[in-house]
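Reading the structure
Listed below are the residues making up each chain.
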Amino acid sequence: MSVEHSPYLQLEEGQIRLLTLRQGSNHDEPIECEVYNYDLDNTPPYEALSYFWGTNQGTRVISVQGSPFRVREDLYTALCRLRQRQTSRILWVDFICIDQSNRAEIYNQMSRLGDIYVKAESVAVYLGEGTMATDQAMDYLTQIEERGISQIPPRGVDDLMLEGFQDILSRPWFQRSWIIQDAFYARAAVVHCGSKAVSSKTFIRAPGLLPDEIDPLSQQFLNLMPGSRRDDQPASKIQLHDLLHRFRHAQATDPRDKIYALLGMVDNGYSKSVILPDYSMSQKDLMRTVLAIDRSLVEAAGRNKTQGDEMVEILLRAIG
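Residues numbered from 1 in each chain as written. Predicted model: local features only at pLDDT ≥ 70, side-chain atom pairs only at ≥ 80, totals over all residues. Heavy atoms only, no water.

The next point concerns the pairing of strand 1 (residues 15–21). Across the seven residues that make up strand 1, a large majority, seven, are buried. Judged by which residues are buried, strand 1 turns out to be covered on both faces: Q15, R17, L19 and L21 on one side and I16, L18 and T20 on the other are all buried. Bridge analysis of strand 1 against strand 2 (residues 32–39) gives seven bridges, and the strand direction is antiparallel. Along strand 2, the bridge assignment pairs Q15 with D39. Of the pairings in the sheet, the one linking strand 1 to strand 6 (residues 89–92) comprises three bridges and is antiparallel in character. Across the sheet, the residue bridging to L21 is R89, located in strand 6. (Buried < 20%, exposed > 50% of the residue type's maximum accessible area, 1.4 Å probe, protein only. Helix = DSSP H or I, 4+ residues; strand = E, 2+ residues; numbered from the N terminus. Pairing = 2+ DSSP bridges.)

Below, the structure is given as C-alpha cells:
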C-alpha cells in the first residue's frame, strides 16, 4: 500500500499511535481519521481492531490527517462498520497506526502487540461482511445475549441459520497465526459480522447450537476468547510447545510468523526482547534460537530423547 503523504510523527520509546475515527452517518460518506502518538502507559481508552488483512489487493482511499491514505478493501469495510453516527471512536488499527514504510518501527511494534491488545478496553473482531444466512445466525445470538446467556430462544437452528453459523466459523479470521494473540490478550471482545455484532461471551456459544463439531482450529481460537478462558489457566502457564501443537494448522504468509506470533503469548522467564521479528534469520537459525531459551521445547525434546538438530527439523515441519 502506498501513502500519498505521510501522516506520521516519529514514535518515541514506549509510544504507540491511536486512530481517531470520525463519525459518519452512512456507508458512502468518506472516512476521515487522525493519528496521534501516546505513551502506552498513558493512553485514552481505546479499542483494538482484529481482522484478516485479506487477499484482495484492491485499495480504497481514506483521509488521515487530511491527506489521502490507501487501505485494503477489507480494512475500509471494517472502518465503515465500526464508524459511529454521532461520536468519534478511538481505535488501534495495525495497518494505519504502524508506519508500514518503516521496517524498524514495524518490528518494534510487532514485539509490543500483546501490550497493545491487553491495554485496550475491548477488541473489535471483524469477520467480514455478512450474508442473509450470517445475519440470521448473528440475530439468533443477539436474542440469546438480550434474554440472558442461559436462556436459549425457543425456536431451533434452521437450515439457513445453520449455513450462517458454518460460514461465520470458517471465516479466515479463525485461520491466521498473527490473529491468535488478538484473542489471547483481549480483556473483552465484540464480534462483528457485517452490520451485526455480539459479545465474545455470547459468540463462543455458537458451536453448542450446531449438530456437528466445528473445525478444530476454529474451536482453538474460540477457546482463547474472553468468556472461554478458565481462571486456573492464566496466560503465563501456556507453553510454546503446547501452542505450536494446538495451532499447528494456522496459516501464515511466512512460516517464521508461526513462531513470532506465538512468542509473545509465552512466559518462560526471559525477556520478550530476546527474540524480535527478524526476517533476515533463516528458519533453522530461528528454531535453534528458540530451542536455546525455551524450556518447554527442551523438556519435550528430553522426554522424546530427541537431539537438538532433530528437534529443529521437527519444529520446521510444525511451522510448515
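The backbone phi angle of Q65 is positive, close to 60 degrees, even though this residue is not glycine. With respect to the helices and strands, Q65 occurs in the loop between strand 4 (59–64) and strand 5 (67–72). Under the relative-accessibility criterion, Q65 is labelled partly exposed at 35%.

Attention now goes to the side chain of E105. Examined against the element boundaries, E105 turns out to sit in helix 3 (residues 103–110). In terms of polar contacts, E105 uses its side chain to reach the side chain of R17, at 2.5 Å. Apart from the residues within four sequence positions on either side, E105 is in contact with L11, R17, C97, I98 and D99. (Polar contact = N/O pair within 3.5 Å; in protein donor to acceptor, adjacent residues only side chain to side chain. Contact = heavy atoms within 4.5 Å.)

Before going further, it helps to examine the nonpolar core. Counting 90 residues, the largest nonpolar core has I62, W92, I96 and F203 as the members making the most contacts within it. In terms of residues, this core owes the most to one element, helix 1 (residues 73–82), which gives six residues. The residues touching I62, leaving out its near neighbours within four places in the chain, are I31, C33, S67, P68, F69, V71, Y76, L79 and I96. (Core = buried A, V, L, I, M, F, W, Y, C linked by side-chain atoms within 4.5 Å.)

Another point: the pattern of salt bridges. Taken as a whole, this structure holds 12 salt bridges when the rule is applied. We note a salt bridge from D285 to R288, for which the minimum N-O separation is 3.3 Å. Taken together, the positions of D285 and R288, both in helix 12 (residues 283–293) and three residues apart, correspond to about one turn of that helix. (Salt bridge = Lys/Arg side-chain N within 4 Å of Asp/Glu carboxyl O.)

In the contact formed by helix 5 (residues 132–147) and helix 6 (residues 159–168), the axes pass within 7 Å of each other and the chain directions differ by 95 degrees. When the interaxial angle is binned, helix 5 and helix 6 end up roughly perpendicular. For the pair formed by helix 5 and helix 6, the contact residues are M132, A133, T134, Q136, A137, M138, Y140 and L141 on the first element and L160, M161, E163, G164, F165, D167 and I168 on the second. Among the residues making up the contact of helix 5 with helix 6, the classes are represented as 10 nonpolar, three polar and two charged. (Axes fitted to C-alpha atoms, helices over the stretch in contact; angles between N-to-C directions. Parallel < 35°, antiparallel > 145°, perpendicular 65-115°, else oblique. Nonpolar A, V, L, I, M, F, W, Y, C, P; charged D, E, K, R; others polar.)

Across the protein, the average pLDDT comes to 85, with 82% of residues at 70 or higher. Contacts for the low-pLDDT stretch residues 230–236, under 50 throughout, to residues beyond four places or in other chains number three contacts. (pLDDT = per-residue confidence, 0-100.)

Here helix 3 has its buried residues at E105, I106, Y107, Q109 and M110. You can read the cap of helix 3 off the contacts: a side-chain oxygen lies 3.2 Å from the backbone nitrogen of A104, and it is on N102.

This part takes up the sheet that holds strand 6. The strand order across the open sheet formed by nine strands is 5-4-2-1-6-3-7-8-9, and the pairing between neighbours is mixed. Whereas interior strands pair on both sides, the edge strands pair on one side only; in this sheet they are strand 5 and strand 9 (196–199). Across this sheet, the average inter-strand angle for adjacent strands is 35 degrees, counted without regard to direction. Note that strand 7 (residues 122–126) and strand 8 (residues 189–193) share four bridges and pair parallel. By the bridge assignment, V123 is partnered in strand 8 with A189. The strands touched by helix 5 are strand 8 and strand 9; relative to strand 9, the strand with the most contacts, the crossing angle is about 35 degrees.

Along the chain, the position of T202 falls in helix 8 (residues 200–203). Separated by 26 residues in sequence, T202 and S228 have C-alpha atoms that sit 9.9 Å apart.

Here we take up the packing of aromatic side chains. The geometry of two aromatic rings is summed up by the distance between their centres and the angle between their planes. All told, the structure shown has 12 aromatic pairs when counted by the stated rule. Between W92 and Y117 the ring centres are 5.6 Å apart and the planes differ by 75 degrees, which places this aromatic pair in the edge-to-face class. Of this pair, W92 sits in strand 6 while Y117 sits in helix 4 (residues 113–119), and the two are 25 residues apart along the sequence. Accessibility expressed as a relative area gives 3% for Y117, which makes it buried. (Phe/Tyr/Trp six-rings, centres within 6.5 Å; stacked < 30°, edge-to-face > 60°.)

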